[in-house]
Amino acid sequence: MAIVNATPAPKRPTIHGGEPAFPEGIPLIRPEVPSTRAVLGDVEKILQSGILTNGSYVRELEDRAAEYLGVRQCVAVASCTTGLMLMLRAANLSGGVVAPSFTFAATVHAIEWNGLHPVLADIDPETLTLSPDAVAAAIGVRTSAILATHLYGTPCDVEKLTAVAREHGIRLFFDAAHAFGSRHAGVCVGGFGDAEVFSLSPTKVLVASEGGIIATNDDDLADRCRIGRNYGHPGDYDCLFVGINGRMSEIHAAIALRSLETLDEQISRRNELAGVYREALASVSGLSFPQVREGDLSTYKDFTVLVDAESSGMDAASLAENLAAEGIETRRYYAPPVHAMRAYRRLVNGWVSLPHTETASSQVITLPMWSSMTESQATGVAAAIARIQSFAGQSPT
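Residues numbered from 1 in each chain as written. Predicted model: local features only at pLDDT ≥ 70, side-chain atom pairs only at ≥ 80, totals over all residues. Heavy atoms only, no water.

**Some details on the side chain of Asn 114**
We apply this condition: Put simply, DSSP H or I for four residues or longer makes a helix, DSSP E for two residues or longer makes a strand, and each gets a number counted from the N terminus. Two N or O atoms count as a polar contact when they lie within 3.5 Å, although within protein this holds only if one can serve as hydrogen donor and the other as acceptor, and sequence-adjacent residues are included solely when both atoms are side-chain atoms. Only heavy atoms matter for contacts: two residues are in contact if any of them lie within 4.5 Å across the pair.
Within the fold, Asn 114 resides in the loop between helix H4 (105-113) and strand S3 (117-121). There is a polar contact of 3.1 Å between the side chain of Asn 114 and the backbone oxygen of Met 85. Dropping the residues within four chain positions of it, Asn 114 is found in contact with Met 85, Leu 88 and Arg 89.

**Remarks on the sheet that holds S3**
Sheet strands pair via backbone hydrogen bonds, and the direction of the pair is either parallel or antiparallel. Rule in force here: Strand pairing is assigned whenever DSSP detects at least two bridges linking the two strands. To define axes, lines are fitted to C-alpha atoms, for helices over the stretch in contact only, and angles between the resulting N-to-C directions are given on a 0 to 180 degree scale.
Spatial strand order, S1-S9-S8-S5-S4-S2-S3: 7 strands in an open sheet with mixed pairing. Of all strands in the sheet, those with a lone pairing partner are strand S1 (73-77) and S3, marking the two edges. Across the sheet, the axes of successive neighbouring strands diverge by a mean angle of 20°, strand direction being ignored. Pairing analysis gives 4 bridges linking strand S8 (residues 195-199) to strand S9 (residues 212-216), with the strands arranged antiparallel. Across the sheet, Val 197 pairs through a bridge with Ile 214, a residue of S9. Packing against the sheet, helix H3 (residues 80-90) makes contact with S1, strand S4 (143-149), strand S5 (171-175), S8 and S9, and its axis sits at approximately 165° to S8.

**Some words on unusual backbone geometry**
Backbone phi values are negative for most residues with the exception of glycine, while trans is the configuration of most peptide bonds. Defined as follows: A simple rule labels every residue: compare its accessible area, found with a 1.4 Å probe on the protein chains alone, to the largest value its type can have, and call it buried under 20%, exposed over 50%, or partly exposed in between.
Put simply, Tyr 333 and Tyr 334 share a cis peptide bond, and its omega is 10°. Among the structural elements, Tyr 334 can be located in the loop between helix H11 (316-325) and helix H12 (355-363). For the bond from Ala 335 to Pro 336, the omega torsion is 5°, close enough to zero to count as cis. Within the secondary structure, Pro 336 is located in the loop between H11 and H12. One non-glycine residue, Tyr 152, adopts positive backbone phi at about 60°. With relative accessibility at 4%, the residue Tyr 152 sits in the buried group.

**A closer look at the side chain of Ser 361**
Inspection of the secondary structure puts Ser 361 in helix H12. Once residues within four sequence positions are removed from consideration, Ser 361 is found in contact with Phe 102, Arg 332, Tyr 334, Ala 335, Pro 336 and Pro 337.

**Regarding the packing of H3 against H4**
Here is the rule we go by: Our angle categories are set so that under 35 degrees counts as roughly parallel, over 145 as roughly antiparallel, 65 to 115 as roughly perpendicular, and the remainder as oblique. Crossings are sorted by hand: turned counterclockwise from the far helix by less than a right angle, the near helix makes the crossing left-handed, and turned clockwise it makes it right-handed.
It is at 9 Å that the axes of H3 and H4 come closest, and there the two elements cross at 40°. Judged on the interaxial angle alone, H4 and H3 are oblique. In the crossing of H3 with H4, the sense of the turn from one axis to the other is right-handed. In contact with Thr 81, Leu 84, Met 85, Leu 88 and Arg 89 of H3, H4 contributes Ala 106, Thr 107, Ala 110, Ile 111 and Trp 113.

Function-wise, these values are silent; they only describe arrangement.
Okay, here's the thing in C-alpha cells:
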C-alpha cells in the first residue's frame, strides 16, 4: 500500500506556475489625500479671494509647521529640491559640500545647481544614513558644508555630524525630504544644523500635492530664502542675488494644512505596519532591516529591506522581478547610488571608495507602504517574499 504524504505542497510563486498573490495589483504607495469636501471649501475661498500665491494659506502653513517642528522659521516653497537649492544659495557657500551618494539625486543636484562641488561620502551600514566618520575623512580645505539625508525618515546621527561640522567650522544642513514628523531623541527633525528641508510631494506622509518647507532657527537665512523664492528681489525688483520662482501656491498650502491634521496618526500607523512587516519577515533567510536608533522615531516614508544574495539564494533585483510577477510594486531606493549615475560618474574618476554604499545599493528593495495599508496586505506581501525565497535557485516553469 502506498504511503500518501499528508503535507501539502507549498504554494508556488507566479514565475513557477502559481497564481499571483495580488492579481489586482498592490502599489508601492497610495497618497493619503485629505477630505475632498474640506479641500474644495478651501479652494473655493482661495479662488474667490483672487490671491493664488503669497497669501494667507501659505503664511498659515509656515506658522503651523514652525509650531509643530519647534523652530523659529519655516519657508514654504514649490518643492523640496527648490528648497535645497535656495537654502544652499542663501547660505552663500563656496567650494565643496559633503553629501551621501546613497540618497535621491535631488540632494546632490542642489549642490551642483549652486556651482558647488559635491564630495560624496559613505554611509553607516546599520542605518544607511551618512556616516560622521566618513564625513570627517572627506572634509578638505575648500569644504564649506555638510548636507546629510534623513533616509526613509530615519534621523541621522545628529550629534556626531554636529560635532564634525563645529570642529571644522563648516555649515550643517539636512535633506529631510522623508522626515516631516520624525523625531531624534524626542525632538522633531527640523531644528538640527543650520536648516533642514522637507518634501510634501505625493509619496511623502505630509502631502501638498507638490511642495517643500525649509525649516531653520536662523532668521537671516530664512529671510534670504524668502527673497530667493521670489527671484531674489525683496519687493522692489532690485534683486539682491540670483533667485528663482520657488513659491508655493495657496492651493498646495491648503492641501498641506489639511494633511497636517492627520500627520501624527499616519506616522503611528506606519510604525505599526513596519512592525508587522518585521515580524512577518523575521524567518525569511537573507533579509535584514536598516536600523532606527533607540529613542528615535521614523516616519517610515519607505519600508526598505536588505537582501543578502548568498544567504537568500537570490539578489534584490531578482526578488523585485519575482514580486512584480506577483502583482507587487517595488522600488530599489537607491540603486544606482548617485556616484554610479551617468550624471555624476565624473566625480568618481576611480578614487572614490564607498563600500557600504555599494553594498547597500546592491541589496535594497523598498516594499509597499502607505498609511491606510491593512495588516493583511503587509502580511500578504511578506508571505509572497517567503514563498519566492523558498523556491530560490529553482528554474522557472
